[in-house]
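Okay, here's what each chain looks like letter by letter:
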Amino acid sequence: MDDYKLLIDLHKDAYRQGPGGDAETELALNLAMINRAEPLKIADIGCGTGASTILLARLLNARITAVDFLQDFLDVLEKRAEETGVGDRISSLARSMDDLPFADEELDVIWSEGAIYNIGFETGITEWRRFLKAGGLLVASEITWLTDSRPEELQEYWNSEYPEIDVASAKIRILEKHGFSPVGYFVLPEHCWLDEYYRPMQARFEEFLNRNGNSKEAREIVNAEQHEIDLYETYKSHISYGVYIAKKAGIER
Ligand code: SAH
């Protein structure tokens, strides 16, 4: 995918391709009250290079399908999974998240960190719902307003980047509207943005620009990322990722 060449180049050496953290992945697992001994079938959708996939494989008795539409990220994930000793529990699938091949009620858990926005939260949860067994769990992180009103500069930026951005109560309402029972919600703390995502990215900027001959396209990507970072640092009391944990409503068999 040529359009994505530069973005892949900037992000593929990262541990995470979005805000998050191992402790927060595990917190979501605990809030979901997932039985760690039970054999489970899980899809990690928009898995990137697999930070959450590999952690889940280590912590659970699960078979995990790692889905991302960028094979370059999946290649890194597979290598890491082998190195961590969980390669046999993970299979990767290069596929778009709006065209998934799972059967109805095939999955116990759908996991998705920092990725569902690519098709939109409401579209994602409605399209993915049928893959879950009744009582199955959805864990998805989604960019979320932390306050009811926001400074105009921040509001305008995110309205154009992702018009579906909203407060947690609105996201939870969407889950309820589409047949999910909310089980838990928490907000990713600042270190998930700065220490786990933005600072490591900034540390890669210089080499990224050098590798790509300081091209206009590469500089534009760095400038756009830096602008997002600056906005986050200025307005972080208004915005974060919310982690939404919800159970598919229905009669459990
Ligand atoms: N979950 C990972 C990656 C988050 S970044 C983490 O938290 O580190 C979002 C990921 O979604 C990227 O890896 C990107 O390649 C993937 N993605 C974007 N659009 C997609 C689509 N339509 N189908 C599948 N994956 C997609």
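Throughout what follows, the structure given in this document is the object of discussion.

What counts as what
Position numbers for residues count from 1 along each chain, tracking the sequence in the order it is written. A pLDDT threshold of at least 70 governs which residues receive local features in this predicted model, and a stricter bar of 80 or more applies before side-chain atom pairs are shown or counted, although totals over entire chains, interfaces and linings include all residues. Neither water nor hydrogens contribute to the side-chain values; these are computed over all heavy atoms in the structure. Only DSSP runs of H or I with at least four residues qualify as helices, and only runs of E with at least two residues qualify as strands; both kinds are numbered from the N terminus onward. Burial classes: relative accessible area under 20% of the type maximum marks a residue as buried, over 50% as exposed, and values in between as partly exposed (1.4 Å probe, protein chains only). A crossover gets the label right-handed when its path from the first strand over the helix to the second runs clockwise, viewed with the strands pointing away from the viewer. At least two bridges found by DSSP between two strands is the condition for calling them paired.

Some details on unusual backbone geometry
Its identity is not glycine, yet Met33 carries a phi of approximately 55°, on the positive side. Checked against the element boundaries, Met33 lands in the loop between helix 2 (22–31) and strand 1 (40–45). Given the relative accessible area of 66%, Met33 is considered exposed. Within the chain, Glu105 stands out as a residue other than glycine whose phi angle is a positive 55°. By secondary structure assignment, the location of Glu105 is in the loop between strand 3 (90–94) and strand 4 (107–112). By relative accessible area, Glu105 is classed as partly exposed at 34%.

Describing the pairing of strand 5 (residues 132–145)
For strand 5, the tally of buried residues reaches 12 of 14 residues, placing the bulk of the element in the interior. This β-α-β element, strand 4 to helix 5 (residues 121–129) to strand 5, shows right-handed connectivity. Sheet topology places strand 5 next to strand 8 (residues 239–248); 9 bridges connect them, and they run antiparallel. Looking at strand 8, one finds that Leu138 is bridged to Ala246.

These figures capture arrangement, not role.
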